[in-house]
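An overview of the molecular structure
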Amino acid sequence: MTSSRRGFLQAAAVSAALSGLKAQTAREDLWGGPVLDLHFHMRREPEANVAHLDGCGVSNANLLTRSGAAEQVRAVQAKYPGRFVWFASADITQPDAGKLLTQAVRDGAGGFGEIKFHVEADGPELRRMYALAAELDVPILVHFQEVPHTPTEGVFSTGFKRFETILKAYPKTRFVGHADAFWANISADYSNDVAYPAGRIKRGGLTDRLLSDYPNLFGDLSANSGNNALSRDPEFTTGFLVRHRDKLIFGSDCACTDGNGGGISQANNPGASRLAGKCVARETLALLKKSTTPALFRQLTWQNSHKLLRIGA
Ligand SMILES: [Zn+2]
Ligand SMILES: [Zn+2]
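Now for a quick tour of the structure. Note that the structure is predicted; figures quoted are calculated from it, not measured.

Another point: the nonpolar core. By size, the foremost hydrophobic cluster in this structure holds 75 residues, and its most contacted members are Phe112, Tyr130, Ile140, Phe163, Phe175 and Phe240. Those residues in contact with Phe175, other than ones at most four positions away along the chain, are Tyr130, Ile140, Phe163, Ile166, Leu167, Tyr170, Asn216, Leu217 and Phe218. Judged by nonpolar contacts, the second largest core, of 13 residues, contains Leu64, Val176, Phe218 and Leu308.

Within the structure shown, the criterion is met by 14 salt bridges. In this structure, Glu47 engages Lys79 in a salt bridge whose closest nitrogen and oxygen atoms are separated by 2.4 Å. Taken together, the residues span a long stretch of sequence, with Glu47 in helix H2 (residues 46-55) and Lys79 in helix H3 (residues 70-79) at a distance of 32 residues. Residue Glu47 is classed as partly exposed on the basis of its relative accessible area of 36%. Asp233 is the salt-bridge partner of Arg200, the closest N and O atoms lying 3.3 Å from each other. In this pair, Arg200 is assigned in the loop between helix H7 (180-184) and helix H8 (206-213) and Asp233 in the loop between helix H9 (223-231) and helix H10 (234-243), connecting sequence segments 33 residues apart. For Arg200, a relative accessible area of 55% translates into the label exposed. Salt bridges here are not isolated pairs; linked through shared partners, they connect Glu164, Lys168, Arg209 and Asp213.

Rules and cut-offs
- The residue count restarts for each chain, going from 1 along the sequence in the order it is written.
- Both sets of labels track the order of writing: A upward for chains, 1 upward for ligands.
- Confidence filtering applies because this is a predicted model: local features only for residues at pLDDT of at least 70, side-chain atom pairs given and counted only at 80 or more, and all residues used for totals across whole chains, interfaces and linings.
- The basis for the side-chain values is all heavy atoms of the structure; hydrogens and waters are excluded.
- The criterion is simple. A nonpolar core is a set of buried Ala, Val, Leu, Ile, Met, Phe, Trp, Tyr and Cys residues joined through side-chain atoms within 4.5 Å.
- Three exposure classes are used, based on accessible area relative to the maximum for each residue type with a 1.4 Å probe and protein chains only: buried under 20%, partly exposed in between, and exposed over 50%.
- In what follows, a contact means two residues having at least one pair of non-hydrogen atoms within 4.5 Å.
- Take a side-chain nitrogen of Lys or Arg and a carboxyl oxygen of Asp or Glu: if they are within 4 Å of each other, that pair is a salt bridge.
- Numbering of helices and strands runs from the N terminus, with a helix taken as a DSSP run of H or I at least four residues long and a strand as a DSSP run of E at least two residues long.

Rendered as structure tokens:
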């Protein structure tokens, strides 16, 4: 038995003991072991969740839900034991958001997310959530976006370029960065002008530096934003994944129905058409596989999520 194989089996045993999450192989083992998708929006029918997972060879997922979804989550967990953990979100512009999220954590939610509202990243609504996440000792997954995808969409958690102040102010909060502005700022030349910048990455970008300097910041590799960032400059990507090997976590945020790109995979987002008809989970896992060693691939797709969620590994 290789040491990585042994480590994985030990990790799996720990996680199963602590959380009921089992390292099981998906129906088809495409990735040489179990994979946890950190960014998986819960689908209404329990079977639809598993249809996506099995279709792209992903064994486990973190369901992103609304705060009142505990019953629904329990039904999915009961039907598919060991495959799902969950995060909860609530409308943070409303005064009861803190109460709802606290209840969700009491009901078993392992974190806050996805938090995606039309507020500033350093505004009062999100500051309350950052503080509460630290108090409850759970991670908070935030969608950062400065450029609307459609005329009516708006922007979310704006002002990422000022985010260092927040990382300093809330050292006990475990932040998980996600979406367009988080990933566009991987390059030092980003100026909030387009959703998904293309071309070579200018070294010294804000996201790269914050991941290096702040132990309380993690990166969610999901969506077109994450996939695009890792596809722009292969030479950069290899080093970036090694540099932040303890901080980056695989997620898909894929909307396809079957794990093969079926349905409307990019939610009619014109800027993300490069992945239209494709499954983001498959695309990003293939990209990670190509850009890493097997040990690092395992860390990004399995071990790091367990560490973030404090369920072993
Ligand atoms: Zn998002
Ligand atoms: Zn998919």
